[in-house]
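Survey of secondary and tertiary structure
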Amino acid sequence: MKEMHYFSRFWLFASLVALLAAVADCSDDDPSSGGPTDDLSSDLGEDLAPDQGGDLEDDLADAVEETDAADDLPADEESDLQGVACGQQPTLPECETTTSAPTANEEIEQFAADNAIPLTCVEEGHQRWEFDIFFDELASNKLYLMGEVHGSNEIGPASADLFEALVREEMVDLLVLEIGMDVTDALNEYVETGEGPFLTVYGYSYYGPNMYRRTLPDRARALHLAGTTIPIVGVDPPQRLAWVNEQIHDLADGLTDETIQGLILDDLPRPREMDDYGLVGLETDYVTDCQEYHQHIVDNLQTICTVFDEAACERMEYMAFALYMGAAFNSQELALAAMDPGGTMPPRIVEWLTEREELIFWNFRQAMPTGEERIYGHMGAAHAAKTSDQLLLAGMMNTDFEPTAGQVYTITPAYGPGSAIFYGLFTQDVPPEPELVSNALSELEGDRYFLSTHKPGIECLANPFLDISAITMVSGANYGTGWDAFFWFSRLTPDIPRFGSAKVTRNSPEAWTMDNLRRTQWADRQLSRLPHR
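All of these numbers come straight from a predicted model, not from anything done at the bench.

Here we come to the sheet that holds strand E7 (residues 232–236). Strand pairing in a sheet relies on backbone hydrogen bonds. The paired strands run either parallel or antiparallel. Pairing is mixed in the open sheet, where 8 strands are placed in the order E2-E12-E13-E9-E5-E8-E6-E7. Lying at the two open borders of the sheet, with one neighbouring strand each, are strand E2 (117–118) and E7. The pairing of strand E6 (residues 174–180) with strand E8 (residues 375–380) spans 4 bridges and is parallel. What sits directly across from Val176, in E8, is Gly377.

Applying the stated criterion across every chain, the model contains 3 disulfides. Sulfur-sulfur distance for the disulfide between Cys86 and Cys121 comes to 2.1 Å. The sign of the S-S torsion, about 90°, decides the handedness of the disulfide formed by Cys86 and Cys121: right-handed. You can see Cys86 sitting in the loop between strand E1 (84–85) and helix H4 (105–115) and its partner Cys121 sitting in strand E3 (residues 120–123), a full 35 residues away along the chain. For the residue pair Cys86 and Cys121, the accessibility class agrees, reading buried in each case.

So, on to helix H10 (residues 258–265). Within H10, the full set of buried residues consists of Ile260, Gly262, Leu263, Ile264 and Leu265. Close packing links the buried residues of H10 with helix H9 (241–252), helix H11 (284–299), helix H12 (301–304) and helix H13 (310–329).

All right, on to the pairing of strand E5 (residues 143–148) then. Most of E5 sits inside the fold, with 6 of its 6 residues counted as buried. Burial of the side chains of E5 extends over both faces: Leu143, Leu145 and Gly147 are buried on one face and Tyr144, Met146 and Glu148 on the other. Taken together, the 6 bridges between E5 and E8 define a ladder with parallel strand orientation. Each bridged residue has a counterpart across the sheet, and for Gly147 the counterpart in E8 is Met379. As paired strands, E5 and strand E9 (residues 408–415) are joined by 4 bridges and run parallel to one another. Bridging from a neighbouring strand, Met146 pairs with Ile411 of E9.

A word on the environment of Asn153. Positionally, Asn153 belongs in the loop between E5 and helix H6 (155–168). Expressed as a C-alpha distance, the spacing of Asn153 and Ala420, which sit 267 residues apart in the sequence, is 9.6 Å. The residues touching Asn153, leaving out its near neighbours within four places in the chain, are Asn210, Thr493, Pro494 and Asp495. Engagement of the side chain of Asn153 in a polar contact is seen with the backbone oxygen of Pro494, the distance being 2.7 Å.

Here E9 lies mainly inside the structure; 8 of its 8 residues are buried. Of the two faces of E9, the one holding Val408, Thr410, Thr412 and Ala414 and the one holding Tyr409, Ile411, Pro413 and Tyr415 are both buried throughout.

Attention shifts here to the pattern of salt bridges. A complete count under the given rule lists 15 salt bridges for this structure. Here Arg168 and Glu164 are joined by a salt bridge, their closest N and O atoms 2.9 Å apart. With Arg168 and Glu164 both in helix H6 and 4 residues apart, this pair spans about one turn of that helix. The exposure class assigned to Arg168 is partly exposed, which follows from its relative accessible area of 38%. A salt bridge links Glu314 to Arg365; the shortest N-O distance between them is 4.0 Å. Here Glu314 is found in helix H13, whereas its partner Arg365 is found in helix H15 (residues 347–366), with 51 residues between them in sequence. Accessibility expressed as a relative area gives 28% for Glu314, which makes it partly exposed. Each of Asp161, Glu164, Arg168 and Arg219 takes part in one network of salt bridges that share partners.

For the structure on display, the rule yields 21 aromatic pairs. Note on Phe134 and Tyr144: the rings are 6.2 Å apart at their centroids and 90° apart in plane angle, and the pair reads as edge-to-face. On the criterion of sequence distance, the pair formed by Phe134 in helix H5 (residues 132–138) and Tyr144 in strand E5 is long-range, its members being 10 residues apart. Of the two residues, Phe134 and Tyr144, both sit in the buried class. Positioned above the aromatic ring of Tyr286, the side-chain terminus of Arg272 is 4.8 Å from the ring centre. One cation-aromatic arrangement involves Arg365 over Phe361; the distance from NZ or CZ to the ring centre is 4.3 Å.

Turning next to H13. The first and last C-alpha atoms of H13 sit 28 Å apart over 20 residues, in line with the 28 Å expected at 1.5 Å per residue. For H13, the buried fraction is high: 15 of the 20 residues fall into the buried class.

Phe134, Phe163, Phe198, Ile264, Tyr376 and Phe487 are the most contacted members of the largest nonpolar core, which has 104 residues in total. The element best represented in this core is H13, accounting for 14 residues. Setting aside residues up to four positions removed in sequence, Phe134 forms contacts with Leu119, Tyr144, Leu162, Ile411, Phe450 and Phe487. Formed by 45 residues, the second largest nonpolar core is a distinct cluster that contains Ala367, Ala384, Val437 and Leu441.

This brings us to the confidence of the model for the protein chain. Of the residues in the protein chain, 76% reach a pLDDT of 70 or more, and the chain-wide mean stands at 81. Residue range residues 1–79 is modelled with pLDDT below 50. Its contacts to residues more than four positions away, or to other chains, number 200 contacts. A low-confidence stretch, residues 500–523 (pLDDT under 50), is modelled with 43 contacts involving residues beyond four sequence positions or located in other chains.

What counts and what doesn't
Residues numbered from 1 in each chain as written. Predicted model: local features only at pLDDT ≥ 70, side-chain atom pairs only at ≥ 80, totals over all residues. Heavy atoms only, no water. Pairing = 2+ DSSP bridges. Helix = DSSP H or I, 4+ residues; strand = E, 2+ residues; numbered from the N terminus. Disulfide = S-S within 2.5 Å. Buried < 20%, exposed > 50% of the residue type's maximum accessible area, 1.4 Å probe, protein only. Contact = heavy atoms within 4.5 Å. Polar contact = N/O pair within 3.5 Å; in protein donor to acceptor, adjacent residues only side chain to side chain. Salt bridge = Lys/Arg side-chain N within 4 Å of Asp/Glu carboxyl O. Phe/Tyr/Trp six-rings, centres within 6.5 Å; stacked < 30°, edge-to-face > 60°. Lys NZ or Arg CZ within 6 Å of the ring centre and 35° of its normal. Expected span 1.5 Å × (residues − 1). Core = buried A, V, L, I, M, F, W, Y, C linked by side-chain atoms within 4.5 Å. pLDDT = per-residue confidence, 0-100.

What follows is the structure, given as structure tokens:
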């Protein structure tokens with residue numbers, strides 16, 4: 001696989017944030033630690049997005065009642081509101097033939113300005129989202145992927161609003177998130193009860209208030225309280241590796257054939273809880289042990305599968321693979337690479353990125369047992385690229401999985417000048433992306449637009465983005481073949497986790513994301529586990 005540039009590095013930094021947050025917030029039964037056994041539910045009001053403070057269940061229920069497809073955009077007190085009249089959003093042209101696409105930059109920018117459709121509308125003196133364009137676009141698809149730039153305040157809430165709008169139109173059966181596959185049960189427990197390990201073990205309170213891992217579960221919880229329950233599935237490598245050991249034992253412990261049971265369990269690496277990972281992740285030797293265990297299972301799979309049906313056999317293979325991928329993506333090697341954004345990505349990590357897509361692809365397939373499920377998925381923008389020359393999720397779902405072949409709709413974020421994100425360890429300015437869209441849409445009045453990457457424009461002018469390379473996103477991909485649409489934000493602002501600081505810079509002593517208190521608590525817990533001398 002060719003090296004993924006911009007968004008792969010975003011993910012590496014986000015992975016490190018999640019790892020360090022999980023370490024800082026690891027589950028501990030000792031309340032004297034002052035750590036995660038504190039009653040986090042009492043703090044959720046202040047941890048929610050700014051417009052969701054207060055009592056969690058009341059606010060989420062209010063959000064459902066007061067929000068029609070995310071009616072939470074601020075009203076303009078001066079009454080010069082921007083956007084189309086609600087319910088009057090234009091549709092895309094239907095063209096039997098098209099004229100040649102523009103090639104000069106100024107003509108491409110004019111095409112973008114002429115064909116951008118506002119995503120806000122005005123109704124009774126207030127602005128709200130206008131998502132009708134997506135209802136038409138999604139109607140013939142089964143899988144919808146919102147691409148993400150990790151670390152911004154804007155994308156997570158927008159994604160939650162669109163998810164809710166699609167659920168209300170009965171167009172979504174399942175929500176899939178770029179989060180560990182082991183978090184699935186915890187997410188659904190949270191949706192149904194507002195409690196559970198998603199709040200404690202998995203560090204909910206440490207995510208930035210507008211991170212998709214908070215906004216989307218919260219919106220699913222709000223929908224559940226209103227009477228519509230949408231299950232959530234995590235598809236990324238597992239965060240808590242001990243979970244994988246538990247899954248493998250579930251498969252092997254009941255076997256009567258001791259030889260095959262030994263093939264499965266004798267070389268299984270010891271279980272690792274998240275508070276075993278240390279400050280920067282799992283040691284290289286453990287990652288190697290997990291890789292060798294996966295290869296051992298593959299080498300003996302034909303024998304092992306004589307005692308399993310086809311589904312259990314496949315699960316055994318992929319659980320071994322998940323253990324390897326989870327160790328890799330919670331490793332010191334990945335953490336160190338993430339801390340050097342200007343460096344060359346080591347070949348071993350490039351290989352992990354490729355292999356990771358195979359695990360995510362398997363998890364997506366498992367999420368569609370009948371093939372009829374309709375999924376709203378929130379993933380990194382690179383995962384959402386429908387490329388044919390790279391093994392990326394959306395491309396595989398669009399070509400290699402029959403139930404969704406040709407029925408995958410993907411969006412990539414676009415944003416303008418002055419944008420910044422929380423870049424894993426620090427805030428980071430990001431240049432306009434793509435520049436031609438930014439130049440055009442920055443001149444318009446609104447700050448949120450839809451722009452097709454491949455369909456003809458007004459007067460049936462062919463779309464120039466079909467042939468424009470997305471160099472900064474996924475090398476080798478064109479916008480029009482990789483994604484279906486741009487979701488334009490005029491400016492991204494950084495979503496700072498609770499333990500972060502808006503003043504954190506790359507070279508500041510605060511660049512580590514855990515504050516001194518959390519580091520001390522972690523060290524105290526680790527020391528308490530040492531044998532008494």
